[in-house]
Amino acid sequence: MKKIIAFGASSSKTSINKQLAVYAAHQFQNATVEVLDLNDYEMQIFSSDREATTGIPQQAQDFYAKLGTADAIVISFAEHNGAYTAAFKNIFDWTSRINAKNFQEKPVILLSTSPGPRGGSSVLEIAKARFPFQGAIVKGSFSLPSFYENFDVTNGIINEDLKNQLLGIVNSIEL
């Protein structure tokens, strides 16, 4: 059985992006899903001076190792001021010191959502441009606008057109 790693790129305990990532990951057939919580990998802010004196934190090494166990990765990005959250950016920076190809040539689906109509599209564009350089084989991207109007905790995406867009991406990935 194949393994999907899913996480919301946010430290919020009630992250709508985590909800979307978990939902998307569970759309894969014949796969197990492991959900990561960025709060489990909290560490000091990256700096080259800190790395020189204390090395790479164990949390970064653990996160990188988890990604290595995946057959595919699903990430949904919260947007803070048009970019990644500080929590995600810090993990991203630290793991890139282990290997600049943090995503280890794994198939990746990039998602985003927000309460507003743009659905975190600014951060999604940043990730789509950057992640191929970081060893992500980007298989697709999807932005869910107006989360609370288009997503139900029990049923997932309730707008059929949006649901079919996401399912098309998921179904295009051969595991």
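Note: the structure precedes this text.
These remarks concern the structure in this document. (Residues numbered from 1 in each chain as written. Predicted model: local features only at pLDDT ≥ 70, side-chain atom pairs only at ≥ 80, totals over all residues. Heavy atoms only, no water.)

A short note on empty space enclosed by the protein
The full count for this structure, using the stated rule, is one cavity of 30 Å³ or more. Taken as a whole, the largest cavity encloses approximately 40 Å³ of empty space. Lining the largest cavity are Gly-8, Ser-10, Ser-12, Ser-15, Lys-18, Leu-36, Asp-37, Leu-38 and Asn-39. The residue inventory of the lining of the largest cavity, partitioned by class, reads two nonpolar, five polar and two charged. (1 Å grid on protein atoms, 1.4 Å probe; cavity = no way out; pocket = protein on both sides within 12 Å on 5 of 7 lines; lining within 4 Å. Points joined across faces, edges and corners; volume = space filled by probe spheres on them. Nonpolar A, V, L, I, M, F, W, Y, C, P; charged D, E, K, R; others polar.)

A look at the environment of Ala-6
Inspection of the secondary structure assignment puts Ala-6 in strand β1 (residues 2–9). Considered as a pair, Ala-6 and His-26 are 20 residues apart in the sequence and their alpha carbons are 9.3 Å apart. When near neighbours in sequence (up to four residues on either side) are disregarded, Ala-6 contacts Ala-21, Val-22, Ala-25, Val-33, Glu-34, Val-35, Leu-36 and Val-74. (Helix = DSSP H or I, 4+ residues; strand = E, 2+ residues; numbered from the N terminus. Contact = heavy atoms within 4.5 Å.)

Quick notes on the side chain of Lys-3
As for its position among the elements, Lys-3 is in strand β1. Once residues lying within four places of it in the same chain are set aside, the contact partners of Lys-3 are Thr-32, Glu-34, Thr-69, Ala-70, Asp-71 and Ala-72.

Focus on the nonpolar core
Phe-7, Ile-73, Ile-75, Phe-77, Phe-88, Phe-103 and Phe-131 are the most contacted members of the largest nonpolar core, which totals 27 residues. No other element matches helix α4 (residues 86–98), which puts four residues into this core. Among all residues touching Phe-103, those that are not within four sequence positions of it are Leu-67, Ile-73, Ile-75, Phe-88, Phe-92, Val-108, Phe-131, Gln-134, Gly-135 and Ala-136. Formed by 24 residues, the second largest nonpolar core is a distinct cluster that contains Ala-31, Ile-157, Leu-162 and Ile-173. (Core = buried A, V, L, I, M, F, W, Y, C linked by side-chain atoms within 4.5 Å. Buried < 20%, exposed > 50% of the residue type's maximum accessible area, 1.4 Å probe, protein only.)

Brief notes about the packing of aromatic side chains
Considering all chains together, one arrives at 18 aromatic pairs under this definition. Relative to Tyr-84, the ring of Phe-77 lies with its centre 5.7 Å away and its plane at 40°, an arrangement referred to as tilted. Phe-77 gets classed as buried once you look at its relative accessible area, which sits at 0%. For the ring pair Tyr-84 and Phe-92, a centre distance of 5.7 Å and an interplane angle of 55° mean the geometry is tilted. Residues Tyr-84 and Phe-92 agree in their burial class; the two are buried. An aromatic cluster is built from Phe-7, Tyr-41, Phe-63, Phe-77, Tyr-84, Phe-88, Phe-92, Phe-103 and Phe-131, whose rings are joined through pairwise contacts. (Phe/Tyr/Trp six-rings, centres within 6.5 Å; stacked < 30°, edge-to-face > 60°.)

Here we look at the pairing of strand β4 (residues 106–113)
Most of β4 sits inside the fold, with eight of its eight residues counted as buried. Residues of β4 alternate between two faces, with Lys-106, Val-108, Leu-110 and Ser-112 on one and Pro-107, Ile-109, Leu-111 and Thr-113 on the opposite face, all of them buried. By the bridge criterion, five bridges tie strand β3 (residues 72–77) to β4 in an arrangement that is parallel. Paired with Phe-77 across the bridge in β4 is Ser-112. Assessed by its sense of winding, the connection that carries the chain from β3 through α4 to β4 is right-handed. The pairing of β4 with strand β5 (residues 136–144) spans eight bridges and is classified as parallel. Note on β5: the bridge partner recorded for Ser-112 is Ser-143. Each parallel crossover has a hand, and the one from β4 via helix α5 (residues 121–130) to β5 is right-handed. (Pairing = 2+ DSSP bridges. Right-handed = clockwise from strand over helix to strand, strands pointing away.)

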